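Reading the structure
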Amino acid sequence: MRKRVFSILLSIAVCLSMMPVGAWAETAGEGGTATQSSNVAEVKIGETVTQYADITEAFAAAQKADSAEVKLLNNAEITTTNTSNVLKGIELLEGGNITLDLNGKTLSGKQTSVVSDVSMSILISVYDPCTLTVKDSIGGGAIVQSNSVAAVRAAGKGKVIIDSGTIENTSSKDETENCAVLVKGSSNVTISGGIIRG
């Protein structure tokens with residue numbers, strides 16, 4: 001009888017282990033304590049990896065190093081709220097080489113403003129001395145701009161390298177800078193792969 005009860009319990013345990021279960025990854029936050037993962041990106045500088053809940057903070061941390069990788073963990077929105085006439089997305093103004101790994105996720109923009117006639121925000125602007133390399137390590141990742149300006153802009157000798165992933169502008173407005181990638185001044189954009197739309 002004991003063997004029968006044990007075999008039934010073992011069968012139940014095997015069946016339960018085969019059922020799909022939602023996974024909640026626990027990661028160490030900045031304070032080192034375990035938290036449920038609502039982080040949108042991780043930044044790798046050398047051997048140190050830090051996760052961030054805000055994509056703007058992740059890029060700010062990456063700019064403090066000569067070389068860093070920002071890897072999307074979830075879909076992320078660059079949210080800009082401003083009361084002036086110009087809204088700014090992520091501006092890479094300092095640091096060195098930053099690699100953005102889309103990791104099969106989407107980076108998009110969300111704009112809120114209290115000013116009615118406001119210029120739209122470019123999602124990512126790259127200035128000298130920075131170099132931004134965009135890649136997608138698993139496929140399906142994208143930078144999507146729905147406003148009537150560029151998704152990614154290289155300006156003032158800034159460099160952008162597109163290895164893989166999709167960069168697109170989905171706006172139908174007929175504007176001068178309504179494009180996926182904008183090159184200004186003596187900046188440089190190298191496209192070795194990926195998809196550029198809009």
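Residues numbered from 1 in each chain as written. Predicted model: local features only at pLDDT ≥ 70, side-chain atom pairs only at ≥ 80, totals over all residues. Heavy atoms only, no water.

A look at the overall build of the protein chain
- Counting secondary structure elements, the protein chain contains two helices and 18 strands.
- Within the protein chain, contacts between residues separated by at least 24 positions form 73% of all contacts whose residues are at least 6 apart in sequence.
- Accessible surface computed for the protein chain: about 11200 Å², of which carbon and sulfur atoms make up 51%. (Helix = DSSP H or I, 4+ residues; strand = E, 2+ residues; numbered from the N terminus. Contact = heavy atoms within 4.5 Å. Areas by Shrake-Rupley, 256 points an atom, 1.4 Å probe, with all protein chains shown as cover.)

Quick notes on the confidence of the model for the protein chain
- When pLDDT is averaged along the protein chain, the result is 80; 75% of the residues meet or exceed 70.
- Within the model, pLDDT remains below 50 along residues 22–36, and this stretch shows 17 contacts once partners closer than five positions in the same chain are excluded. (pLDDT = per-residue confidence, 0-100.)

With respect to the nonpolar core
- I55, F59, V70, L100, I124 and I143 are the most contacted members of the largest nonpolar core, which totals 36 residues.
- Sort the elements by how many residues they give to this core and helix α2 (residues 55–62) lands first, with five residues. (Core = buried A, V, L, I, M, F, W, Y, C linked by side-chain atoms within 4.5 Å. Buried < 20%, exposed > 50% of the residue type's maximum accessible area, 1.4 Å probe, protein only.)

As for the sheet that holds strand β10 (residues 124–126)
- Taken in spatial order, the four strands line up as β7-β10-β13-β16 in an open sheet, and their pairing is parallel. Whereas interior strands pair on both sides, the edge strands pair on one side only; in this sheet they are β7 (90–92) and β16 (181–183). Adjacent strand axes in the sheet meet at a mean angle of 15 degrees, parallel and antiparallel pairs treated alike. (Pairing = 2+ DSSP bridges. Axes fitted to C-alpha atoms, helices over the stretch in contact; angles between N-to-C directions.)

Points about the side chain of Q145
- Structurally, Q145 can be placed in strand β12 (residues 142–145).
- Residue Q145 is classed as buried on the basis of its relative accessible area of 0%.
- In terms of polar contacts, Q145 uses its side chain to reach the backbone carbonyl oxygen of A150, at 3.1 Å.
- With residues near it in sequence (within four places) discarded, Q145 still touches S121, I122, L123, A150, A151, E168, N169, T170 and S171. (Polar contact = N/O pair within 3.5 Å; in protein donor to acceptor, adjacent residues only side chain to side chain.)

With respect to the sheet that holds strand β14 (residues 159–162)
- In space, the seven strands of this open sheet follow the order β4-β3-β5-β8-β11-β14-β17, with mixed pairing throughout. If you trace the sheet from one side to the other, it starts and ends with β4 (48–52) and β17 (188–191), each paired once. Sheet twist, expressed as the average angle between the axes of neighbouring strands with direction ignored, equals 15 degrees.
- For strand β11 (residues 131–135) and β14, the ladder comprises four bridges, and the chain directions are parallel. Opposite T131, over in β14, you have K159 as the bridge partner.

Focus on unusual backbone geometry
- Of note, the bond from D128 into P129 is cis; its omega dihedral lies within 30 degrees of zero at 15 degrees.
- Relative to the helices and strands, P129 resides in the loop between β10 and β11.
- In this structure, N103 takes a positive phi of about 55 degrees despite not being glycine.
- Topologically, N103 is positioned in the loop between β8 (97–101) and β9 (106–113).
- For K157, which is not glycine, the phi torsion reads 70 degrees and is therefore positive.
- Note on placement: K157 falls in the loop between β13 (152–154) and β14.

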